[in-house]
Amino acid sequence: MRTSQYLIATLRETPADAEVISHQLMLRAGLIRKLASGMYTWLPAGLRVLHKVTAIVREEMNRSGALEVSMPVVQSAELWQESGRWDKMGPELLRFVDRHERPFCLGPTHEEVITDLIRNEFNSYKQLPANFYQIQMKFRDERRPRFGIMRAREFLMKDAYSFHINQASLEQTYQLMYQTYSNIFSRLGLDFRAVLADTGNIGGSTSHEFHVLADSGEDDIVFNSTGSYSANIELADGLIRDLDDGSADMLQSRELDTAQAHTIEALTSLLDLPATRLIKTLIVKAVQSDTNPHGLMALVLRGDQELNDIKAEKLSGIVSPLTFATDEEIENVIGCKPGCLGPNHLDFPVVVDRSAEKMRNFICGANKSSIHLADANWGKDCRFDMVADIRKIKEGDLSPDGQGELLIKRGIEVGHIFQLGTKYSQAMNASVLDENGRSVLMTMGCYGIGVSRIVAAAIEQNNDANGIIWPDAIAPFQVAIIPLNAHKSPRVTEISEQLMTDLEKAGFEVLLDDRDKKTSPGVKFADMELMGIPHRIVVSDRGLENNELEYKSRRAENAESVPLASVMEFLSARIAT
RNA sequence: CGGAGUGUAGCUCAGUCCGGUAGAGCACCGCCUUCGGGAGGCGGGGGUCGGAGGUUCGAAUCCUCUCACUCCGACCA
C-alpha cells in the first residue's frame, strides 16, 4: 500500500475531548472518528487493526471446535420477556417499536436468541456438547460512555454459548475456553491476567475475567506473586494480618465518653489506640419482614477494614443495590445518630466480617450519643447472627492459598467466561432427551471477548511519547518504507518500490510513504511512528551509496544499517507472524 | 441519573467580564525556495460563533430556554 492511495488521517494536536492515552492516540493516529457519544467510525487503518484482532479470535475459536454463526442485531421483545430480562435489564437495553408497534431491542448480548435457536434445533443428548459463537456489533446504551472505544455504546464483541447435558461437560468446555482465551491474549501480544470474577447480571455460578494490565483500567484486580491466586477485587479473598485470635481474657466492659469523636479516625487519636482495636458498624437496608420489621441490617468490620459492596449485596435479606440507612432511620430505630453505633442490643440482623469475629476487648459504639464501649466482647456485650466475608481486601494481605502476599493492579476487562447452568434453558424451556429418554434441561456456558476494546487496551499497554507501538500481530502494517528525496533520486524510488513488492509477495503488509516532496521527511517519520508501525525501513541515496538500507524497530532507540542484498532475510527474521 | 465543565474555521485555542463589521497557529489550495526529524516566503479559500427565543440602533459577548460533548460517582466486554 502507498500512502498516496491511502487515508493518512493523523492529527498533530490532541483533540480536546479525549482524556485517556488510547483514545487520544486512536484519534491522532487516524484510526477512529467520533460520530456521537460512544459511537465511532473506524477509519481504514483502525479497521485493519480491528480485523487482525478479529482474525486471531476467530482462528482460536475455530481451533477450539466452536462453530461460527451470525445472529440478528435487532431482537424481538418476546424472547426477552420469556427469559425475564425485558423487565430486569433497565435502560441500557435500547428498545423501540417497528411500524406495527411491535417492541424490539438492539442486542446487547445473545443468550435469548441462541437458546431459542438451540431449543428448536437440538432434541438429543447426542448433539451435545456444542459451542456456537459470533463476532458482531453489540449495542448497550451505557449510562456513561467514556474513554473512546474502551467503553463505547456500539462495540464489537465475540460472544459464544455452549450447551451441555450436565455440569461435568460444561466444566470441560469452560476449561477449554479458559485455555482458548489465554491463547488468544498471548497471540495478541498483551500482558494479561485471568481472574476469578463476579457473575453480575448475566447470572450463573463460576466465572473468570481476563484483564489486560494497565494503569488506566477500571477494575482493581488482585493476585499473588506466584500467580497461584488471582481475582477481581469485587470478590477477592485474602487473609488479614495480625488477626485477633480471641485468646485474651475477657475484661469487664465500661462506657467511655467520646464526645465529638464520631469517626474511626477521630476515635483512634482520642483514645490513642490503633484502628484494629475498634469495631465499625454500618447500618444498611434489608428486606422488611415479620422477623425484621425495621428492614435494617448491621454490617460489622474491624475498624481498619472497608466494606466490599458487592460481597455485601450477596447476603440474604439485604437490599440490592446496597443502600445505607438514613440518619433519621437510624435515630428512630436505635436512638442515636451514626458515630456511636455498635453491634449491641440491636433488634435486627447483625452480620460480622471475619476480621471482627474473634476480637476480644474491643471498642464499639454504645448506641448512645457520645458514648462508646471499651473492652466489649462478643456474647457478653454484643451479639451477631452470622459471620461472612464482606471486607474489601487490601494490598499486602496474605493470599488465601497461603502463597505469599497479595498485589493489586488496575486491569481492563477484555474477556469474561461464565458457567451459566440452567438459568436460560429453564426460563426458556430448552431441553433434550437423555440416554434414558428423559427430558433434561441443557446446561449452558457463555464466553465474551470485547474485540474493539482490545484495540484500545493494546494501545494503553503499548505507547510512548511518539505514539502507538503495535505488537506485530495486530499492527495495521508491519513495515513502513520511507524513501528520502525520492523526487530527485530515481534509484531511491526504484529500490523502495521493489522492496514493497518483494515484501508483499512474501506475505507482509507494507506501507510505502510515497507522499510527494511537499511532505518533509520529518512528517513521514512522525506519522509512521504515531501510527505505531513496528518496523521501519528508510531508503536514501546516502545509504544506497554503500548498498545499505536503514532499519529501525519502533521499540528501539537507534537505527541500524542493513545490506541491501539481505534486507528480505533481515526483516523476515524480525517480524513476528 | 446526581455533581463539575466545555461548545467560535478540519484541529488546538484567543475574543465573552466591559455589546460596535469574527481572529491566530496548524491543516488545506496556488507559485517559488528547501529536502535525514512535524521547513521558509508570497498569495488565497474556508465560519448560520451549538440551536431557538428575547433585550438593544446594534449580540460570539447580556437574559431565558434548549441541545450536544467531556470529566467525577453507581453498572459492564
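Scoring rules and cut-offs
- Counting restarts for each chain, with residues numbered from 1 along the sequence as it is written.
- Numbering of ligands from 1 and lettering of chains from A proceed in the order in which they are written.
- The model is predicted, so local features are restricted to residues of pLDDT at least 70 and side-chain atom pairs to those at 80 or more, both for listing and for counting; the totals for chains, interfaces and linings are taken over all residues.
- Side-chain calculation: all heavy atoms of the structure are included, whereas hydrogens and water are not.
- Helix and strand definitions follow DSSP, with helices as H or I runs of at least four residues and strands as E runs of at least two, each counted in order from the N terminus.
- Any residue under 20% of the maximum accessible area for its type is buried, any over 50% is exposed, and the rest in between are partly exposed; the area is computed with a 1.4 Å probe on protein chains only.
- The criterion used for residue contact is that any of the two residues' heavy atoms lie within 4.5 Å.
- Charge counting treats Lys and Arg as positive and Asp and Glu as negative, with His and both chain ends excluded.
- Working definition for charges: the position is that of NZ of Lys, CZ of Arg, CG of Asp or CD of Glu.
- Polar contact is defined as a pair of N or O atoms within 3.5 Å, subject to the rule that within protein one atom must be able to donate a hydrogen and the other to accept it, and that residues adjacent in sequence are counted only when both atoms are side-chain atoms.
- In this analysis an axis means a line fitted to C-alpha atoms, helices contributing only their contacting stretch, and an angle means the value between N-to-C directions, from 0 to 180 degrees.
- For classification, angles of less than 35 degrees are called roughly parallel, those exceeding 145 degrees roughly antiparallel, those between 65 and 115 degrees roughly perpendicular, and all remaining angles oblique.
- Handedness of a helix crossing follows the sense of rotation of the near helix relative to the far helix, less than a right angle counterclockwise being left-handed and clockwise being right-handed.
- Nearness is defined per residue: one heavy atom within 4 Å of the molecule or strand is enough.
- Classification convention: Asp, Glu, Lys, Arg as charged; Ala, Val, Leu, Ile, Met, Phe, Trp, Tyr, Cys, Pro as nonpolar; all other residues, Gly among them, as polar.
- Surface patches are drawn from residues lacking salt bridges whose relative accessible area is over 30%; two like charges belong together within 9 Å, two nonpolar side chains (Val, Leu, Ile, Met, Phe, Trp, Tyr) within 5 Å.
- Only the protein chains shown count as covering a residue, and every accessible area follows the Shrake-Rupley method with a 1.4 Å probe.
- When a carboxyl oxygen of Asp or Glu lies within 4 Å of a side-chain nitrogen of Lys or Arg, that pair is called a salt bridge.
- Note that the arc is computed from the directions linking the helix axis to the C-beta atoms.
- A cavity here means a set of points on a 1 Å grid, drawn over the protein atoms and nothing else, where a 1.4 Å probe fits but cannot get out; a pocket is an open set with protein on both sides within 12 Å along at least five of seven lines, and a residue lines either one if it has an atom within 4 Å of a point.
- Grid points are joined across faces, edges and corners, and a volume is the space filled by probe spheres set on the points.
- By disulfide we mean two sulfur atoms from cysteines, separated by a distance within 2.5 Å.
- We define the nonpolar core as a collection of buried residues of types Ala, Val, Leu, Ile, Met, Phe, Trp, Tyr and Cys that are connected through side-chain atoms lying within 4.5 Å of one another.
- Paired strands, in this sense, are two strands between which DSSP finds at least two bridges.

> It is not clear to me how the overall build of chain A should be interpreted in this structure. Could you clarify?
Along the backbone of chain A there are 16 helices and 32 strands. Overall, the C-alpha framework of chain A stretches about 95 × 65 × 45 Å when taken along its three principal axes. When the 577 residues of chain A are sorted by exposure, 52% land in the buried category. Taking the contacts inside chain A whose residues are at least 6 apart along the sequence as the reference set, 69% of them involve residues at least 24 apart. Charge centroids of chain A, computed over 62 positive and 81 negative side chains, lie 4 Å from each other.

> So what exactly am I meant to see when it comes to the side chain of T115 here?
One can find T115 in helix α5 (residues 111-121). With relative accessibility at 0%, the residue T115 sits in the buried group. Separated by 2.6 Å, the side chain of T115 and the backbone oxygen of E111 make a polar contact.

> What's the story with the packing of helix α2 (residues 44-63) against helix α12 (residues 451-461) in this structure? I'm lost.
It is the contact of α2 with α12, at a shortest axis distance of 9 Å, that shows an interaxial angle of 115 degrees. On the basis of their axis angle, the class for α2 and α12 is roughly perpendicular. Considering the relative orientation of α2 and α12, their crossing is right-handed. Residue-level contacts link V49, L50, V53 and T54 of α2 to V451, S452, I454 and V455 of α12.

> I tried to follow the protein's contact with RNA strand B on my own but got confused; where do I start?
The environment of RNA strand B is made up of 51 residues, and the closest members are R12, A16, N485, S540 and E550. Between A16 and RNA strand B, the recorded distance is 2.5 Å, taken from a backbone N or O atom to a phosphate oxygen. Note that a base nitrogen of RNA strand B is positioned 2.9 Å from one of the backbone N or O atoms of A152. Looking at the surface near RNA strand B, the elements that each hand over two or more residues are β1 (32-36), β22 (406-421), α14 (521-530) and β30 (535-539). Tallying contributions element by element places α14 first for the surface near RNA strand B, with seven residues. Across the surface near RNA strand B, the residue classes break down as 17 nonpolar, twelve polar and 22 charged.

> Looking at this model, I keep getting lost on a nonpolar patch on the surface. Mind explaining?
Where nonpolar side chains cluster on the molecular surface, the patch consists of V73, V74 and F96 and spans about 210 Å² of accessible area. One can find F96 in strand β5 (residues 95-97).

> Before we go on, may I ask you to explain helix α16 (residues 567-574) in this structure?
Residues spaced three or four apart along an α-helix face the same direction, because each turn holds 3.6 residues. Along α16, the residues that are buried comprise V567, M568, F570 and L571. The buried residues of α16 occupy an angular sector of 160 degrees when the element is viewed end-on, so they sit on one face. As for α16, its buried residues are in contact with β28 (479-483), α13 (490-505), β30, β31 (548-553) and β32 (560-563).

> Where do I start with the layout of surface pockets in this structure?
Of the pockets and cavities examined, the largest pocket occupies roughly 1800 Å³. Lining the largest pocket are 50 residues, and of these R140, E142, R151, E413 and H416 lie nearest its centre. Looking at the lining of the largest pocket, the elements with two or more residues in it are β8 (154-164), α8 (309-313), β22, β25 (443-450) and α12. Residue composition of the lining of the largest pocket, grouped by class: 18 nonpolar, 13 polar and 19 charged.

> What is the right way to read the state of the cysteines from this model?
Put plainly, two cysteines are in a disulfide when a covalent bond ties their sulfur atoms together. Summed over the entire model, instances satisfying the criterion amount to zero disulfides. C340 takes part in no disulfide bond, and the closest cysteine sulfur, belonging to C336, lies 5.4 Å away. Of the cysteine sulfurs around C364, a residue in no disulfide, the closest is that of C382, at 3.9 Å. Overall, the relative accessible area of 0% leaves C364 in the buried class.

> Could you clarify how one ought to interpret unusual backbone geometry in this entry?
Most peptide bonds adopt trans geometry, and most residues besides glycine take a negative phi value. Here L128 and P129 are connected by a cis peptide whose omega angle stands at -5 degrees. Looking at the secondary structure, you find P129 in the loop between α5 and β7 (130-139). Positive phi values are uncommon outside glycine, yet D272 reaches one of about 55 degrees. You can see D272 is positioned in the loop between α7 (264-271) and β14 (279-285). Assessed through its relative accessible area of 68%, D272 is described here as exposed. At H345, a position not held by glycine, the phi torsion is positive, near 55 degrees. Mapping H345 onto the fold places it in the loop between α9 (327-334) and β17 (350-353).

> What should I look at first to understand the pattern of salt bridges in this one?
If the charged atoms of two oppositely charged side chains come close together, the side chains can form a pair. Scanning all chains against the criterion turns up 34 salt bridges. Where R254 meets D375, a salt bridge forms, and the shortest distance between an N and an O atom there is 3.4 Å. Of this pair, R254 sits in strand β13 (residues 254-257) while D375 sits in strand β19 (residues 371-376), placing them 121 residues apart in sequence. On the accessibility criterion, R254 (45% relative accessible area) is partly exposed. The exposure class of D375 is buried, given its relative accessible area of 15%.

> I'm lost on the nonpolar core in this one. Help?
Note on soluble globular proteins: their nonpolar side chains tend to be buried together. Within the largest apolar cluster, 64 residues are counted, with the highest numbers of intra-cluster contacts made by M26, L31, F185, L188 and W470. The residues touching F185, leaving out its near neighbours within four places in the chain, are L190, F192, F210, V414, G415, I449 and I454. Counting residues in hydrophobic clusters, the runner-up holds 26 residues, among them L79, I118, Y424 and A430.

> How do you make sense of the pairing of β1 when you look at a structure like this?
In regular strands, side chains alternate between the two faces of the sheet. Pairing geometry for β1 and strand β2 (residues 39-42), over four bridges, is antiparallel. Bridge assignment links I32 to a residue of β2, and that residue is W42. Counting the residues in the hairpin turn of β1 and β2 gives two residues, including G38, whose phi is positive at 75 degrees.

> How should I be thinking about the environment of I474 in this particular structure?
In this structure, I474 sits in the loop between β27 (467-468) and β28. Linking I474 and G189, residues 285 residues apart in sequence, is a C-alpha distance of 8.5 Å. Setting aside anything within four residues of it in sequence, one finds I474 in contact with V49, K52, V53, I56, L188 and A458.

The analysis is restricted to geometry; functional conclusions fall outside its scope.
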